Every structure is written in structure tokens, then in C-alpha cells.
Amino acid sequence: MGASRRAALAALGGGVLLAGCETVARGRRMLGGGPPPDLLAEAFRAAGSAPPALFTDTSLTAPDGRTIRVRLAAPAKPQDNLGFIPFSHGANSSGALYDAIIGPIAAAGYLVAAPTHVDSESNPDRSKFDQAAVQATRLVDMRILLDRMTDLAAAAPAAKGRIGDGRIAVAGHSYGALIAQQLVGATVGRMGAAATSARDGRARCALAISPPGPVPGFLDPSIWDGIGAPMMVTTG
């Protein structure tokens, strides 16, 4: 495969409209992880173009003492008044495996923060957590990112001092897309438990990439009735 084609595949995607956030971004749905970050940057360089975003790895500490590893993406070209988007990965995946999606979104004027949740197969603390209860810790992770938005911007050299106010969205893929939907009003409960709202008013809109549909006994079609913010859903 030629270098130009590898670069094109790395950045493949359609225009993604985040309604209410006034941006168009490009992304690619990743199946099974996608190219490691160094190969993604190499593909862009081989094609004679610069990667659209700069990536930084950092970590936060949750209230229960566990470490949340976070992959940050910010525009390679300095921009002021950056928006902020926490991005939740798919089941058992990792925030570090979505560069081909979060990079082009970041290039449109956002700091994107992708945590690695406790269900990730790369999380060293995975065995310490009930995998049937990770929904709650995923929501905690996303809220901590919203709480620590300024600190995360300071950890990313390309975003330090450039974060703005108000342009906040939530996003995710697969299971992570359901988490993003919860943060804008979807009501989801654990299997057999009452569904409750996890709405966070800081999120003005949501991007849900291949979210799950109705699941008997767990996800009733009515859970999406409470969504109170613009949302784009895309799948393939």
C-alpha cells in the first residue's frame, strides 16, 4: 500500500457535525484498535503532510484513589478558544487506540481527552473491578475530565492557556457512545436496576459513534426520551 493511501486511510472519514458546538471535524471509525500512534504520524509524514494534532499522555486520580490514564489530542496548529470533548472508548478498548478519530476532531479546534476506563484490557487495575459495574466508573471518569478541563489543557503543550468556555461536547464509540448519551440525558440502569439520569449540564451536545440500540431487559427504547441536547449518531 502506498504512503499516500496509508495516510488517507488513517484520516478517513466524513464530515462530522457537532450540532450546537459549531464545528465540522473528520474522523474514522476504528475496528479492533487501529494503527499505533507512531505509525499514524509516520503515514502523514510519508504523504508529505503534517499530522493534524499533537498527542500527550497524562493521568488523573479518581476519588477512590485509582489512576485514570488520559490520552490528549490538541490542534497541531495553535488555536485559541479551544473547545473541550471527553471521549469514551469502546468496551475493553483503550483511549490510546483512537488517535485516528480524536486527532482530526482536535484539529478542528478542540482539546479531546480520551480516558482509559477500568474495563480496558490494557488497564493494569482491571482485575480489581467488577466488570458488570464499570458503567458507574466510566461516568465518574468522564465527569472528572469535565471537572479538570483546565488542568488537562495545562498538561497538553499545544492547548496550555488556550481552552475556552462553553464549547463543551461529549463523545464516544460503542459502549463509550452510550456513556456520552447518558451525559446528555439518556437514562440507563444496571441490569435489573432502575434507570436513572446521569445528565451533566456542562455538555452542550454529543457525538455517538456506533452506540448500541435497544437491548431487551437492559436498554429500552424509552431511555433516549430524556436526551435534552443536540446529538449526532453515526454508524457503519
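Residues numbered from 1 in each chain as written. Predicted model: local features only at pLDDT ≥ 70, side-chain atom pairs only at ≥ 80, totals over all residues. Heavy atoms only, no water.

Caption draft 1: Just the packing of helix α4 (residues 134-147) against helix α6 (residues 175-183), in detail. It is the contact of α4 with α6, at a shortest axis distance of 10 Å, that shows an interaxial angle of 65 degrees. For α4 against α6, the interelement crossing comes out right-handed. Where α4 abuts α6, its residues V134, Q135, R138, L139, M142 and R143 lie against Y175, G176, I179, Q182 and L183. (Axes fitted to C-alpha atoms, helices over the stretch in contact; angles between N-to-C directions. Helix = DSSP H or I, 4+ residues; strand = E, 2+ residues; numbered from the N terminus. Left-handed = near helix turned anticlockwise from the far one by under 90°. Contact = heavy atoms within 4.5 Å.)

Caption draft 2: Examining the sheet that holds strand β6 (residues 110-115) more closely. Pairing is mixed across the open sheet formed by 7 strands, whose spatial order is β3-β4-β6-β5-β7-β10-β11. Edge positions in the sheet fall to β3 (53-61) and β11 (231-234), since each has one partner strand and no second. Shown here is a sheet whose adjacent strand axes are inclined to one another by a mean of 20 degrees, direction ignored. Relative to β11, strand β10 (residues 205-209) runs parallel, the two sharing 4 bridges. What sits directly across from L207, in β11, is M232. Along the sheet face, helix α3 (residues 99-107) touches β3, β4 (67-75), β5 (82-88), β6 and β10 and points at about 50 degrees away from the line of β4. Contacting β5, β7 (163-173), β10 and β11, α6 runs over the sheet at an angle of about 135 degrees to β7. (Pairing = 2+ DSSP bridges.)

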